[in-house]
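Reading the structure
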Amino acid sequence: GRRPMLYTDNGDWGKLGPHGKVAPFADYPLWLAAVVPEPSFRKFIPAPWKDVACWQYTFSRRVPGINANVDGDVFFGDLGAWRDIGR
(Lines give C-alpha, C1' and ligand atoms only; values in the text may rest on other atoms or scores of the structure.)
Protein backbone atom coordinates (compact mmCIF):
# COMPACT_ATOMS: atom_id res chain seq x y z
CA GLY A 1 0.00 0.00 0.00
CA ARG A 2 3.00 2.33 -0.29
CA ARG A 3 4.41 4.08 -3.31
CA PRO A 4 7.93 2.78 -4.08
CA MET A 5 11.05 4.67 -4.97
CA LEU A 6 13.01 3.00 -7.76
CA TYR A 7 16.76 2.53 -7.33
CA THR A 8 18.90 1.87 -10.37
CA ASP A 9 21.81 2.97 -12.46
CA ASN A 10 21.53 3.83 -16.12
CA GLY A 11 23.17 0.59 -17.21
CA ASP A 12 20.76 -1.69 -15.36
CA TRP A 13 17.66 0.30 -16.26
CA GLY A 14 18.64 0.34 -19.93
CA LYS A 15 18.56 -3.48 -20.00
CA LEU A 16 14.79 -3.38 -19.50
CA GLY A 17 14.22 -2.40 -23.09
CA PRO A 18 12.63 0.44 -25.00
CA HIS A 19 11.21 3.49 -23.29
CA GLY A 20 7.63 2.27 -23.78
CA LYS A 21 8.17 -0.74 -21.52
CA VAL A 22 9.31 1.38 -18.60
CA ALA A 23 6.95 4.32 -19.05
CA PRO A 24 4.51 3.03 -16.38
CA PHE A 25 7.24 3.58 -13.79
CA ALA A 26 7.80 7.25 -14.63
CA ASP A 27 5.52 8.44 -11.82
CA TYR A 28 7.73 6.83 -9.17
CA PRO A 29 10.60 8.83 -7.69
CA LEU A 30 14.03 7.73 -8.92
CA TRP A 31 17.14 7.03 -6.84
CA LEU A 32 20.07 6.98 -9.25
CA ALA A 33 23.46 5.42 -8.52
CA ALA A 34 26.05 7.25 -10.63
CA VAL A 35 29.54 7.57 -9.20
CA VAL A 36 30.51 10.68 -11.14
CA PRO A 37 30.97 14.33 -10.14
CA GLU A 38 27.96 16.59 -9.75
CA PRO A 39 26.30 17.79 -11.97
CA SER A 40 27.45 15.29 -14.61
CA PHE A 41 25.33 12.54 -13.02
CA ARG A 42 22.30 14.16 -14.68
CA LYS A 43 23.37 12.86 -18.09
CA PHE A 44 22.91 9.33 -16.70
CA ILE A 45 19.24 9.82 -15.76
CA PRO A 46 17.41 7.14 -17.75
CA ALA A 47 14.31 7.83 -19.80
CA PRO A 48 11.50 8.44 -19.03
CA TRP A 49 12.71 10.47 -15.99
CA LYS A 50 13.81 14.07 -16.30
CA ASP A 51 15.19 14.36 -12.76
CA VAL A 52 15.95 12.29 -9.66
CA ALA A 53 14.80 12.33 -6.06
CA CYS A 54 18.12 10.92 -4.80
CA TRP A 55 21.60 10.57 -6.20
CA GLN A 56 24.09 8.00 -4.92
CA TYR A 57 27.53 9.48 -5.53
CA THR A 58 29.70 6.81 -3.87
CA PHE A 59 29.69 3.25 -2.56
CA SER A 60 32.57 3.90 -0.15
CA ARG A 61 31.78 6.69 2.27
CA ARG A 62 33.03 6.36 5.84
CA VAL A 63 30.70 7.16 8.75
CA PRO A 64 31.75 7.31 12.40
CA GLY A 65 30.47 4.28 14.30
CA ILE A 66 30.19 2.02 11.25
CA ASN A 67 33.18 -0.20 10.58
CA ALA A 68 32.53 -0.59 6.86
CA ASN A 69 31.98 1.54 3.79
CA VAL A 70 28.48 2.90 3.25
CA ASP A 71 26.76 4.56 0.32
CA GLY A 72 26.91 8.34 0.01
CA ASP A 73 23.64 9.84 -1.14
CA VAL A 74 21.98 13.21 -1.71
CA PHE A 75 18.23 13.80 -1.45
CA PHE A 76 16.95 16.68 -3.57
CA GLY A 77 14.16 17.93 -1.35
CA ASP A 78 13.27 19.01 2.13
CA LEU A 79 12.20 16.94 5.13
CA GLY A 80 8.53 17.18 4.15
CA ALA A 81 9.28 15.84 0.67
CA TRP A 82 11.29 12.97 2.19
CA ARG A 83 8.37 12.06 4.44
CA ASP A 84 5.99 12.14 1.46
CA ILE A 85 7.93 9.49 -0.45
CA GLY A 86 6.18 6.20 -0.04
CA ARG A 87 2.78 7.63 0.81
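Look a little higher up for the structure.
Residues numbered from 1 in each chain as written. Predicted model: local features only at pLDDT ≥ 70, side-chain atom pairs only at ≥ 80, totals over all residues. Heavy atoms only, no water.

Some thoughts on a nonpolar patch on the surface
We count it as follows: Within this analysis, patches are made of residues with over 30% relative accessible area and no salt bridge. Like charges are joined at 9 Å or less; nonpolar side chains (Val, Leu, Ile, Met, Phe, Trp, Tyr) at 5 Å or less. Using the Shrake-Rupley algorithm and a 1.4 Å probe, accessible areas are obtained, with residue cover drawn only from the displayed protein chains. By salt bridge we mean one thing: a side-chain nitrogen of Lys or Arg within 4 Å of a carboxyl oxygen of Asp or Glu. A helix here means a DSSP run of H or I that spans at least four residues, while a strand means a run of E at least two residues long, and both kinds are numbered starting from the N terminus.
A grouping of Tyr7, Val35 and Phe59 is seen on the molecular surface, where their side chains present a nonpolar patch of about 320 Å² in accessible area. Tracing the backbone through its elements, the reader meets phenylalanine 59 in strand β3 (residues 54–61).

A short note on the packing of aromatic side chains
For the record, the criterion: Two rings from Phe, Tyr or Trp (for Trp, the six-membered ring) form a pair when their centres are within 6.5 Å of each other. A pair whose planes differ by under 30 degrees is stacked, one over 60 is edge-to-face, and the rest are tilted. Summary of the burial criterion: residues with accessible area below 20% of their type's maximum are buried, those above 50% are exposed, and those between are partly exposed, where the area comes from a 1.4 Å probe applied to protein chains only.
Under the criterion given, the structure shown has seven aromatic pairs. Consider the rings of tryptophan 31 and tryptophan 82, whose centres lie 6.4 Å apart with planes at 70°: the pair is edge-to-face. Pair noted here: tryptophan 31 is in strand β2 (residues 30–33) and tryptophan 82 is in helix α3 (residues 79–84), with a separation of 51 residues, a long-range link. Overall, tryptophan 82 belongs to the partly exposed group, its relative accessible area being 40%. Taken together, a centroid distance of 4.3 Å and an interplanar angle of 10° make the contact between phenylalanine 41 and tryptophan 55 stacked. Pair noted here: phenylalanine 41 is in the loop between β2 and β3 and tryptophan 55 is in strand β3, with a separation of 14 residues, a long-range link. For the pair phenylalanine 41 and tryptophan 55, a shared accessibility class is recorded, and that class is buried.

Focus: the side chain of glutamine 56
Convention followed: The term polar contact refers here to a pair of N or O atoms within 3.5 Å; inside protein, the definition further demands a hydrogen-donor-capable atom paired with an acceptor-capable atom, and it admits residues adjacent in sequence only when both atoms are side-chain atoms. In this analysis, two residues are considered to be in contact whenever any of their non-hydrogen atoms come within 4.5 Å of each other.
Along the chain, glutamine 56 turns up in strand β3. A polar atom in the side chain of glutamine 56 sits 3.3 Å from the backbone oxygen of threonine 58. Here glutamine 56 is in contact with Tyr7, Trp31, Leu32, Ala33, Ala34, Val35, Asp71, Gly72 and Asp73, once residues within four sequence places are set aside.

A short note on the environment of leucine 6
Note on placement: leucine 6 falls in strand β1 (residues 6–8). Judged by its relative accessible area of 16%, leucine 6 falls in the buried class. The spacing of leucine 6 and valine 22 is 16 residues in sequence and 12 Å in space, taken between C-alpha atoms. Leucine 6 has contacts with Trp13, Phe25, Tyr28, Pro29, Leu30, Trp31 and Trp49, leaving out every residue within four places of it along the chain.

Things to note about the pairing of β2
To keep things clear, this is the line we draw: At least two DSSP bridges between two strands are needed for those strands to be called paired.
As paired strands, β1 and β2 are joined by three bridges and run parallel to one another. Following the sheet pairing, threonine 8 is matched in β2 by leucine 32.

Overview of the nonpolar core
Operational definition: As used in this record, nonpolar core signifies buried Ala, Val, Leu, Ile, Met, Phe, Trp, Tyr and Cys residues forming a set joined through side-chain atoms within 4.5 Å.
Among the nonpolar cores identified, the biggest contains 11 residues, and these are Leu6, Trp13, Val22, Leu30, Leu32, Ala34, Phe41, Ile45, Trp49, Val52 and Trp55. Dropping the residues within four chain positions of it, valine 22 is found in contact with Trp13, Leu16, Ala47 and Pro48.

Some thoughts on the sheet that holds β3
Threshold: Each axis is a line fitted through C-alpha atoms, taken for helices only over the stretch in contact, and angles between the N-to-C directions span 0 to 180 degrees.
Strand order in this open sheet of four strands is β1-β2-β3-β4, and the pairing throughout is mixed. Strands with a single pairing partner mark the edges of an open sheet, and in this sheet they are β1 and β4 (70–75). Neighbour to neighbour, the strand axes of the sheet diverge by 25° on average, direction disregarded. Bridge count for β2 against β3 is three bridges, and the pairing is parallel. Within β3, the residue paired with alanine 33 across the bridge is glutamine 56.

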